[in-house]
Amino acid sequence: FWIGIGHAGTLISAILCLLRQPWRTSINRAAEAMTIFAVVCAAIYPVFHVGRVWFAWFLFPFPNPNGIWPNFRSPLEWDVFAVSTYATVSVLFWYMGMIPDLATLRDRATQTWKKFFYGLLACGWNGNAKHWRNYEMAYLILAGLSTPLVLSVHTIVSFDFAVANLPGWHTTIFPPYFVAGAIFSGFGMVLTLMLPLRTLFRLHDLITPYHIDCMCKIILATGSMVGYAYAMEFFIAWYGANPNEGFTFINRAFGPYAWAYWIMVTCNVITPQLFWFKAIRSRPWLVWIICIFVNVGMWFERFVITVSSLANDFIPSSWKYFSPTVVDVFTFFGTFGVFMTLFLLFVRFLPLMAMAEIKGMHTPVIEGQTNKGGHHG
C-alpha cells in the first residue's frame with residue numbers, strides 16, 4: 001500500500017520531466033516528498049515481518065559462513081533491494097531539485113541558525129552558469145534512472161505474490177496490474193494532500209484547475225486499467241480450468257469477504273468513472289472526496305489479495321476468518337501518523353513548490369512580451 005502511494009512522486013518528477021510536461025512544476029516537489037515519506041512507512045513492515053524484530057539484520061546481505069542467511073531467492077529479498085534502490089534515487093532526486101530553492105531560503109533568512117541550516121543544505125550554490133549546467137545534467141540523469149524504477153519496483157512487489165503457488169496469487173497479470181494500481185493510488189494521494197494545501201495556503205494561481213484536470217485524467221486512465229485487470233483475473237481463473245483458482249475468485253466475490261471485494265470494486269473502478277465529466281473535474285471538493293475513495297479502495301485491494309487467499313488455503317480444516325490484532329491496527333494507523341508528521345515538517349521547513357522551476361517556466365513568456373519576440377534568455 002505505502003510503496004504504491006509513493007509511485008506518483010517519481011512518475012510526476014521523472015517521467016513527466018523527460019516528456020517535458022510543464023504542468024508538473026507546481027506539484028512535483030510535494031509529490032517527491034510524499035514518495036520518500038511513504039517509503040519510510042513501508043520500511044517499517046519488513047522489520048516486523050521477519051518474525052522477530054531482532055533478526056531484522058537478516059534482510060541485509062551479510063556473509064554466510066554459518067548458514068544463517070535466509071532464502072536469498074525469496075521475492076522478499078528482491079523487495080529489499082528494489083525498494084532501497086528506489087528510496088535512494090528518490091531522495092537524491094528530491095534533494096537535487098531543491099538545491100536552488102534552498103539557496104534562495106539561505107539568502108533570505110534573517111536568523112543565524114536558518115542561514116547556517118539552509119546554507120549547509122544548499123552546498124555553496126550561487127546560481128552561476130556552471131552550477132546551472134551541472135545541476136540540469138545531474139537532474140536529467142536522475143530522471144532517467146528513476147523512470148525504469150517506476151516500473152521495476154512495483155513489478156518486484158507484485159512478484160511477492162505472483163511467484164507463490166497460492167491460488168489467487170499465482171498469475172502473470174500482476175506486474176502491469178500492480179504498476180497501474182500504484183500510479184492510480186499515488187495520484188489519488190497527491191490530490192488528497194495538495195487540494196487542502198491549495199486552499200489553506202491560497203495556492204490557486206500555482207495549482208490551477210488545469211493541474212487538477214490532468215491528474216484526474218491520469219486517475220481515470222489508470223483506474224480503468226485496474227478495472228480491466230480485475231475482470232481479466234476472473235477470465236484467467238476460468239480459462240486456466242484450475243478448480244482451486246476458480247474457487248478462490250468466486251469466494252472473493254461471493255464468499256465471507258465479499259463486502260471487502262465490492263468496496264474495492266466500487267472505490268477503484270466505479271467511482272473514478274465520474275472523472276469522465278468536466279463538471280466533476282472542475283470542482284476541487286468533489287475531486288478530493290473521490291480521491292479519498294481511491295485511497296480506501298486501494299487499501300482494500302491489498303487486503304482482498306492477501307487475506308482471501310491465505311484465509312482459505314489448501315487445507316479446509318485450517319480455514320479461519322481473519323480478524324486483525326491490536327498490533328495490526330495500531331501499526332497501520334501509526335504509519336499514517338508517521339507519514340503526516342514527516343509531511344507537515346516538510347511543509348514547515350522546506351520549500352513546498354519548486355520555485356526555480358516555476359520561475360523558469362514563466363520567465364520566457366515575460367521576456368517574450370517585453371522584448372517583442374527578442375532573445376528568450
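For the structure, check the block above.
Per chain, the residues get numbers from 1 upward, laid out in the order the sequence is written. Totals for whole chains, interfaces and linings use every residue, but because this is a predicted model, local features are given only for residues with pLDDT of at least 70 and side-chain atom pairs only at 80 or more, for both listing and counting. Where side-chain values are given, they derive from all heavy atoms of the structure, hydrogens and water being excluded.

Student: Could you clarify how one ought to interpret the pattern of salt bridges in this entry?
Tutor: It is possible for side chains of opposite charge to pair when their charged atoms get near one another. A pair is scored as a salt bridge if a Lys or Arg side-chain nitrogen falls within 4 Å of a carboxyl oxygen belonging to Asp or Glu. For the coordinates displayed, the defined rule picks out six salt bridges. The shortest N-O distance in the salt bridge between aspartate 213 and lysine 217 comes to 3.1 Å. Of the two residues, aspartate 213 and lysine 217 both sit in helix α8 (residues 209–239), four residues apart, roughly one turn of that helix. Relative accessible area serves as the criterion here: at 44%, lysine 217 is assigned to the partly exposed category. Residues participating in the shared-partner salt-bridge network are Asp213, Lys217, Lys278 and Arg281. Under the scheme used here, helices are H or I runs from DSSP no shorter than 4 residues and strands are E runs no shorter than 2 residues, and both carry numbers assigned from the N terminus. Summary of the burial criterion: residues with accessible area below 20% of their type's maximum are buried, those above 50% are exposed, and those between are partly exposed, where the area comes from a 1.4 Å probe applied to protein chains only.

Student: Got a minute to help me understand helix α9 (residues 243–254) in this structure?
Tutor: Over its twelve residues, α9 extends 16 Å from the first C-alpha to the last, a length consistent with the 16 Å expected when each residue adds 1.5 Å. What α9 keeps buried is the set Glu245, Thr248, Phe249, Asn251, Arg252 and Ala253. On its buried face, α9 is in contact with α8, α10 (258–270) and α12 (284–311). Sitting at the head of α9, asparagine 242 places a side-chain oxygen 2.9 Å from the backbone nitrogen of asparagine 244. Expected span of a helix: the number of residues minus one, times 1.5 Å. Only heavy atoms enter the contact rule, under which two residues are in contact if any of them lie within 4.5 Å. Each polar contact in these results corresponds to two N or O atoms within 3.5 Å; when the atoms are within protein, one needs to be able to donate a hydrogen and the other to accept it, and residues that are neighboring in sequence are counted only if both atoms are side-chain atoms.

Student: What should I look at first to understand the packing of helix α2 (residues 7–18) against helix α4 (residues 75–108) in this one?
Tutor: What describes two packed helices is the angle between their axes and the distance between those same axes. Between the N-to-C directions of two axes lies an angle of 0 to 180 degrees, each axis being a line fitted to C-alpha atoms and, for a helix, fitted only over the stretch in contact. Relative orientation of the contacting elements α2 and α4 amounts to 50°, with a least axis distance of 11 Å. Regarding the angle of α2 to α4, the classification is oblique. Between α2 and α4 lies a crossing whose hand is left-handed. For the pair α2 and α4, the contacting residues are His7, Thr10, Ser13 and Ala14 in the first and Tyr86, Ser90 and Phe93 in the second. Considered class by class, the residues forming the contact of α2 with α4 number three nonpolar, four polar and no charged. For classification purposes, angles smaller than 35 degrees are called roughly parallel, those larger than 145 roughly antiparallel, those between 65 and 115 roughly perpendicular, and all remaining angles oblique. By definition, turning the near helix anticlockwise from the far helix through less than a right angle yields a left-handed crossing, and turning it clockwise yields a right-handed one. Each residue receives one of three labels: charged for Asp, Glu, Lys and Arg, nonpolar for Ala, Val, Leu, Ile, Met, Phe, Trp, Tyr, Cys and Pro, and polar for the others, Gly being one of them.

Student: Help me out: how do you make sense of the side chain of glutamate 245 in this one?
Tutor: In this fold, glutamate 245 is placed in helix α9. Although buried, glutamate 245 forms no salt bridge, and the nearest oppositely charged side chain, arginine 252, lies 7.0 Å from it. His is not counted, nor are the chain ends; Lys and Arg add positive charge and Asp and Glu add negative charge.

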